[in-house]
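Residues per chain are reported as follows:
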Amino acid sequence: MEFAFTEEQLLIRDSAERFLAQASDSHAVRAGMSRAADYDPELWRQIGQELYWPALLVPEAYGGMGLGFVELAVLLEQCGRFLLGSPLFTTTCLATPALLLADNPALQARWLPAIASGQLHATLACPLEAAQLQAEVRPDGDGYRLDGCHTQVVDGAQADLLLIAARRPGSAGEHGISVFAVPTDTPGMVRTTLHTLDQTRRLARIELQQVPVSEAQRVSAIDQAWPLLQATQRIAAIGLAAEQLGGAQQALDLTLAYTAERHQFGRSVASFQAIKHRCADMMLHIECTRSAVWYAACVAREYLAEDGDPMVRGELLAAAATAKAHASETFFHCAAESIQLHGGVGFTWEYDPHLYFKRARASEQLLGNPAWHRECLATELLGACA
Amino acid sequence: MKIGFSKSDEAFRQEVAGWLAAHLQGEFAQLRFRGGPGDEHSFPAERKAWERELASGGWVGVGWRAEDGGRGLSISQQVIFHEEYARAGGPGRMGHIGEGLVGPTLAAFGTPEQRQRLLPGILQGQAFWCQGYSEPGAGSDLANVQTRARLDASGERWLISGQKIWTSLAHEADWCFVLARTEPGSVGHQGLSFLLVPMDQANIRVQPIQQLTGTSEFNEVFFDQAETAANNLVGQPGEGWKIAMALLGFERGVSTLGQQMQFHNELEEVLRIARANGAARDPLLRQRLARAWSGLKVLRYNSLRMLSGPQDGSLAREAMIYKLAWSNWHVELGKLAMDVLGDAAEVLDSAPYGLSRLQSLFLFTRADTIYGGSNEIQRNVIAERALGMPREVKGR
Ligand SMILES: Cc1cc2nc3c(=O)[nH]c(=O)nc-3n(C[C@H](O)[C@H](O)[C@H](O)COP(=O)(O)OP(=O)(O)OC[C@H]3O[C@@H](n4cnc5c(N)ncnc54)[C@H](O)[C@@H]3O)c2cc1C
C-alpha cells in the first residue's frame, strides 16, 4: 500500500497543468462556450495527437499507453481545474472503460486503436438506472434494430461513435439489456444538441428510428449488458469526481487571489476572520474530496486492470459513491462561496466564478447526484428502503 | 499510488487476529468494546493491565522505529493491526498518549539517554502519560502559558510552579509533559520549555473536574515547587513551543488509525440499531447513515495519505485539515446516534446519571470540536498556514 503519487504521476500532472493553463485559459473557455455545435477541433487535435491523452488507458496491444486510471484521474483533475471543454471526458471515462470491459475482442480491436490514435470521439448513451432505459432493440434479419430515445447524452451530437444501450421489448429491470457500438453516420439516428445551463459541456437528445446494428457490434453478451453499463458509469463517476476536485480547487484559488487583492475598511478582505474561516472550510472539503477521489481512482484502476486485486474491485460501488457525492457537494459549495466572496464582481459575466458555478451544478447532476449515490450506499448497508 | 494488501499482509492479519482472540479472554474479556471515546473512565486498572498484556505480545509501538524498540511495521501492516484490534473489540488504549505522542516526540527531539530511559516504560505498558499544556489563562492562546520552571541552585533539578487545567487522565498518569516558562519575563511562545515531570510527588495536586457527562476524565493540576531532574528537559531551554507544536503534529499520525477503528465500532452499533428499530427505512436517516459511512472512509483515506507522507511532525495539506475533519464527523455521528434511537435516546441506563454508550458518545463528542485546538483555531491555522491568508490581529 502506497497512497502517494509516483514521480511519473507528478510529471503527468505538471505537464497537463502547463498545457491547460494556456490552452484552456478563461479566454479559450469562453471561445469554446460560444461554439454551440462542437468543441474546438484544434484543441482536440493537440490533446489527441500530440499529447496522446485519449491513449492513456488503452492497452499497449491496441496502440495505447497502457497506463492506469490513477494517471487518468491526475489528468482529469487538471482538466476540471481549467474547465476544459473537450471530447476527452466522454471518450476516456465512458467509452474506453466500456470497451475495456467488453467481451467482444473483435470490437475492441476495431475501436480501441482508433481511440488511442486520438482521432475518434466516442461516448455512451445510457441512463443511470436500468428502469429508466426506454430505447429498444429488436431482432431484425441477421442482426437487430434500435428504436426509441436517449434524452440526455453527453457529447451525443459531437461523437463519432455511440455505445447505445437498449432493452428487449417486454424486459424489465436489469434484464434484457444490450449495448451496441454504433458509428454516428449510421442511418436512422437524429441527434439534437441541447442548449445547456453549463456551456462548457454538450448534451444531446438522440432519437433512434430503426437503426440497424449487427451481432458484431455488440459490446457485451446480448441481454446481459447491465453489469458492464453499471460498472462503466461508476468508473466514469470517479473520473468526473476528479474533474470536480480540480474545479473546486480552482474556485478556492480564485477566491484567495481576489480577497487578497481587494481592500475594504483599510485592510484586505482576506484578513477578516469570517472570510478566512470560509476559505478554510473550502480547503477542508477539498482535501477530503481529494482523499476520496484518489482512493476511488485506485479502485477503478484495479477494476479495469487485467491483474486487478479482486478484493479492491469489490469496492467499486462504495468508492464511486463516496467520491462522487463528496466531489459534487464540494465543488458546488466552493463555486457558490467563490461567487459570494467576490462580492458584486462575482455576479458578473466577466469574472470566472459563474463558469465554475454552472459547471458544478451540471456535474453534480451528471452520473448520479449525491443523494442518489448515498441511497445506493444505504441499500448496500441497510437493505432496500421499502 | 497503490491500495490493497499483499499475501504476506494477509498472513500478518491472521497473526494479529489470532493473538487478539487468544488474549482478549479471561480477566480481559469484560474489556471488549469498552474504554473508547466517551467511555474512557471505565476499567482504568484493568485497561492498564491490558496494556501490559499487549506489550508482552509486542503490540505497543507497532509503528515506532526498530531502533526505538518499536516494531517498525509498514503502513499496510499498521492499518491491519488497527483493523483487527477494532474487530476484536480491543479496549480503548490507556497508553495512547505515551505511544502516540510522547514516543514520537522523544524519537524526534529526545537525547539517546532520554529515549533509553523513557521509551521502554511506554513499550512495556508500565508508564502512563498526561498532557500539561492548557491553563486557565492559556486555552486557545496556548502561548500565554504562565506556569514557571527554574533550575535550582545545584542545577540538577527543575522546580515547577503554576496551574494546569483540563488535564485528561492526570489522575491515572505516572508522567506529565509540561509546557512551562523558563525564561522569566518572556512573553508568548518565546522562553517556554518542554519538561517531563513525574506525577508521584507531594508537590503536585490533582483535582478532578466533573464534565457534562457527569464523569471526570479531566482535572486541574496544581504544581507547587514540583520537581523534576535536569535531564527531563526535552530539547534546549526556550525550545518548548517548537516541540509542543511538533507533538500536536504527531497527533495526526498513526494514532488516527486506532481512533478511526473506534469510530468504526460506534458507527456499526448505530447501523445495527437502525436496522433493528426501523430507522433504516427512513429516507432522511438513510442519507445521513450513508453520509456517515462514507465520511468515515474518507477519514481513513486521509490517514493513508498522512502515513504515506512525511513522518517528521510537519504538516502536509491532508494533516492540516485532519482535526477539523474528524471532529466534525464525530460530532455528527453523536447526533445521528440519538436521532436513530429516537425516543429511546432519552432514557438513562441507570440512576443517577448512568449513560448508555451512545448517550455518552452524543455528549462526549461535544468536546471533540474544542480540545486539541478548537474548530475555530483549526480554521485560523488552515487559513494562515495552508492558504497564506493574513494573520489574526493580536490584542496584547
Ligand atoms: C475533554 C477535554 C479534554 C482536554 N484534555 C486536555 C489535556 O489533556 N491537556 C491539555 O493541556 N488540555 C486539554 N484540554 C483543553 C483544551 O485543549 C482547551 O479547552 C482548548 O484548547 C480551548 O481552550 P479554552 O477551553 O480555554 O477555550 P477558549 O480559548 O477560551 O475558547 C472559547 C471559544 O472561543 C473561540 N476562540 C478562541 N480564540 C479564538 C480565535 N483566535 N479566533 C476565533 N475563535 C476563537 C474558541 O474556539 C472557543 O469556541 C481538554 C479539553 C477538553 C474539553
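Bear in mind the structure is a predicted one, so any value in this text is a computation, not a measurement.

Here is what the cut-offs are and how they apply
Per chain, the residues get numbers from 1 upward, laid out in the order the sequence is written. As a convention, the first chain written is A and the first ligand written is 1, with the rest following in written order. Where local features are concerned, this predicted model is filtered to residues with pLDDT of at least 70; where side-chain atom pairs are given and counted, the filter is 80 or more; whole-chain, interface and lining totals use all residues. Where side-chain values are given, they derive from all heavy atoms of the structure, hydrogens and water being excluded. UniProt positions are given in the numbering used here, feature names are shortened, and annotations may be inferred rather than shown by experiment. In this description a helix means any DSSP run of H or I spanning at least four residues, a strand means any run of E spanning at least two, and both kinds are numbered starting from the N terminus. Two residues form a contact once any of their heavy atoms are found within 4.5 Å. When two parts are put together, the accessible area they lose, computed with a 1.4 Å probe and summed over both, is reported as buried area. Definition used for salt bridges: Asp or Glu carboxyl oxygen within 4 Å of a side-chain nitrogen of Lys or Arg. What qualifies as a polar contact is a pair of N or O atoms within 3.5 Å, subject to a donor-acceptor requirement within protein and to the restriction that residues adjacent in sequence count only when both atoms come from side chains. Each residue is placed in one exposure class: buried if its accessible area under a 1.4 Å probe, protein chains only, is under 20% of its type's maximum, exposed if it is over 50%, and partly exposed if it falls in between. Centres within 6.5 Å are what make two rings of Phe, Tyr or Trp a pair, Trp counting through its six-membered ring; a difference in plane orientation under 30 degrees is then read as stacked, over 60 as edge-to-face, and the rest as tilted. Only when the NZ atom of a Lys or the CZ atom of an Arg is both within 6 Å of the ring centre and within 35 degrees of the ring normal do we say a charge sits over the ring. Boundary definitions for the domains trace back to an automatic or database domain assignment. The classification used treats Ala, Val, Leu, Ile, Met, Phe, Trp, Tyr, Cys and Pro as nonpolar, Asp, Glu, Lys and Arg as charged, and all other residues, Gly among them, as polar. Under the convention used throughout, the expected extent of a helix is 1.5 Å for every residue step, that is, one less than its residue count. Each residue is tested against the molecule or strand, and it is near if at least one of its non-hydrogen atoms lies within 4 Å. For accessible areas, the Shrake-Rupley method is used with a probe of radius 1.4 Å. Any residue's cover is judged against the shown protein chains and nothing else. We define the nonpolar core as a collection of buried residues of types Ala, Val, Leu, Ile, Met, Phe, Trp, Tyr and Cys that are connected through side-chain atoms lying within 4.5 Å of one another.

**Description of the UniProt feature "domain: Acyl-CoA dehydrogenase/oxidase C-terminal" (unreviewed entry) in chain A**
- When the UniProt feature table is mapped onto this chain numbering, "domain: Acyl-CoA dehydrogenase/oxidase C-terminal" (unreviewed entry) sits at residues 234–381 of chain A.
- Helix makes up 78% of residues 234–381 of chain A and strand 3%, and the two end C-alpha atoms of the span are 18 Å apart.

**Some thoughts on the interface of chain A and chain B**
- Across the contact, 52 residues belong to chain A and 42 residues belong to chain B.
- Buried area between chain A and chain B, both sides added, is near 4,600 Å², and the carbon and sulfur share of it is 65%.
- One can count eight salt bridges joining chain A with chain B.
- Linking chain A with chain B are 23 residue pairs in polar contact (both at pLDDT 80 or more), by the criterion used here.
- For the side of chain A that touches chain B, the elements supplying multiple residues, two or more each, are helix H7 (226–261), helix H8 (273–304), helix H10 (316–342) and helix H12 (370–382) of chain A.
- Here the side of chain A that touches chain B takes 19 residues from H8(A), the largest share from any one element.

**A closer look at unusual backbone geometry**
- In this structure, the amide linkage connecting B:Ala351 to the following residue, B:Pro352, adopts the cis form with an omega of -5 degrees.
- One non-glycine residue with positive phi stands out, namely A:Leu83, at about 50 degrees.
- Looking at where A:Leu83 falls in the secondary structure, it is placed in the loop between helix H4 (69–81) and helix H5 (88–100).
- A residue is classified by how much of its surface remains accessible, and A:Leu83, at 2% relative accessible area, is buried.

**Overview of the packing of aromatic side chains**
- Taken as a whole and judged by the stated rule, the model has 22 aromatic pairs over all chains.
- Measuring from centroid to centroid gives 5.4 Å for B:Trp129 and B:Trp175, while their planes differ by 15 degrees, and the two rings are stacked. Highlighted residues: B:Trp129 in strand E1 (residues 129–132) and B:Trp175 in strand E4 (residues 175–181), separated in sequence by 46 residues.
- Residue classification places B:Trp175 among the buried residues on the basis of a relative accessible area of 16%.
- Every member of this aromatic cluster is reached through a ring pair, and the members are B:Phe12, B:Trp19, B:Phe28, B:Trp50, B:Trp59, B:Phe81 and B:Tyr85.
- Directly above the aromatic system of A:Tyr303 lies the positively charged group of A:Arg313, at a separation of 5.8 Å from the ring centroid.
- If you follow B:Lys323 out to its NZ or CZ, it ends over the ring of B:Tyr371, 5.4 Å from the centre.

**Some words on the domain arrangement of chain A**
Residues and elements named next belong to chain A.
- Domain boundaries in chain A define domain 1 (7–121), domain 2 (123–217) and domain 3 (226–385).
- Look at where the C-alpha atoms of domain 1 and domain 3 centre, and you get two points 20 Å apart.
- Each partner contributes residues to the interface: domain 1 has 25 residues there, and domain 3 has 31 residues.
- For the pair domain 1 and domain 3, the summed buried surface comes to about 2,300 Å²; carbon and sulfur atoms form 71% of the total.
- Inspection of the region where domain 1 meets domain 3 yields two salt bridges.
- We note a salt bridge from Asp 352 to Arg 30, for which the minimum N-O separation is 2.8 Å.
- Scanning the region where domain 1 abuts domain 3 turns up nine residue pairs in polar contact (both at pLDDT 80 or more).
- Broken down by secondary-structure element, the contributors of at least two residues to the side of domain 1 that touches domain 3 are helix H2 (26–33), H4 and H5.
- Across the side of domain 1 that touches domain 3, the residue classes break down as 19 nonpolar, three polar and three charged.

**Quick word on the UniProt feature "domain: Acyl-CoA dehydrogenase/oxidase N-terminal" (unreviewed entry) in chain A**
- UniProt's entry tags residues 6–119 of chain A with the feature "domain: Acyl-CoA dehydrogenase/oxidase N-terminal" (unreviewed entry), counted in the numbering of this structure.
- The annotated region residues 6–119 of chain A carries 64% helix and 0% strand content, and the separation between its end C-alpha atoms amounts to 29 Å.

**Let's talk about helix H3 (residues 75–87) of chain B**
Residue and element names in this part refer to chain B.
- With 13 residues, H3 extends 18 Å between its outermost C-alpha atoms, agreeing within 8% with the 18 Å of an ideal straight helix rising 1.5 Å per residue.
- Along H3, twelve of the 13 residues are buried, which leaves the element largely enclosed by surrounding structure.
- Within H3 the residues assigned to the buried category are Ile 75, Ser 76, Gln 77, Gln 78, Val 79, Ile 80, Phe 81, His 82, Glu 83, Glu 84, Tyr 85 and Ala 86.
- Positive backbone phi, at 80 degrees, marks Gly 89, one or two positions downstream of H3.

**Things to note about helix H1 (residues 7–23) of chain B**
- End to end, H1(B) covers 25 Å across 17 residues, agreeing with the expected 24 Å (1.5 Å per residue, within 8%).
- Taken together, the buried residues of H1(B) touch helix H2 (44–56) and H3 of chain B.

**Quick notes on the domain arrangement of chain B**
- The domain architecture assigned to chain B consists of domain 1 (7–94), domain 2 (129–240) and domain 3 (252–386).
- Averaged C-alpha coordinates put domain 1 of chain B and domain 2 of chain B at centres separated by 30 Å.

**Things to note about the side chain of A:Ser220**
All names here are of chain A.
- Within the secondary structure layout, Ser 220 lies in the loop between strand E7 (203–213) and H7.
- The exposure class assigned to Ser 220 is buried, which follows from its relative accessible area of 4%.
- Setting aside anything within four residues of it in sequence, one finds Ser 220 in contact with Asp 103, Val 179, Ala 225 and Leu 228.

**Considerations on the site of the ligand**
- Looking at the ligand, there are 18 residues lining it, with B:Ser134, B:Ser140, B:Trp166, B:Ser374 and B:Glu376 nearest.
- More than one chain reaches the ligand: the nearby residues come from chains A and B.
- Here a nitrogen atom of the ligand sits 2.8 Å away from a polar atom, N or O, in the main chain of B:Gln131.
- Within the side chain of B:Asn380, a nitrogen or oxygen atom sits 3.4 Å from a nitrogen atom of the ligand.
- Here the ligand loses 67% of its free accessible area of 960 Å² to cover by the protein chains.
- Among the elements of the structure, strand E3 (157–168) and helix H12 (375–386) of chain B are those that each provide at least two residues to the shell around the ligand.
- Per-class residue counts for the shell around the ligand are seven nonpolar, ten polar and one charged.
- Composition of the shell around the ligand by domain shows at least three residues from each of domain 2 (129–240) and domain 3 (252–386) of chain B.

**Examining the nonpolar core**
- In this structure, A:Phe3, A:Trp53, A:Phe69, A:Leu163, A:Leu229, A:Cys279 and B:Val340 are the most contacted members of the largest nonpolar core, which totals 161 residues.
- The leading source of residues in this core is H8(A), at 18 residues.
- When sequence neighbours within four positions are dropped, the list of residues in contact with A:Leu229 reads A:Leu124, A:Cys126, A:Ala165, A:Ile177 and A:Val179.
- Listed in part, the 45 residues of the second largest apolar core include B:Trp64, B:Phe81, B:Ala138 and B:Phe177.

**Some remarks on the pattern of salt bridges**
- Counted under the stated rule, the structure contains 50 salt bridges over all chains.
- Notably, a salt bridge pairs A:Arg301 with A:Glu302, separated by 2.9 Å at the nearest N-O pair.
- By relative accessible area, which is 23% here, A:Arg301 ends up partly exposed.
- One salt bridge in this structure joins B:Asp68 and B:Arg115, with 3.7 Å as the shortest N-O distance. Highlighted residues: B:Asp68 in the loop between H2 and H3 and B:Arg115 in helix H5 (residues 112–123), separated in sequence by 47 residues.
- Taking the relative accessible area as the measure of exposure, B:Asp68 reaches 10% and is therefore buried.
- Each of the salt bridges in this network shares a partner with another, and the network as a whole consists of A:Glu77, A:Glu287, A:Arg290, B:Arg305, B:Arg317 and B:Glu318.

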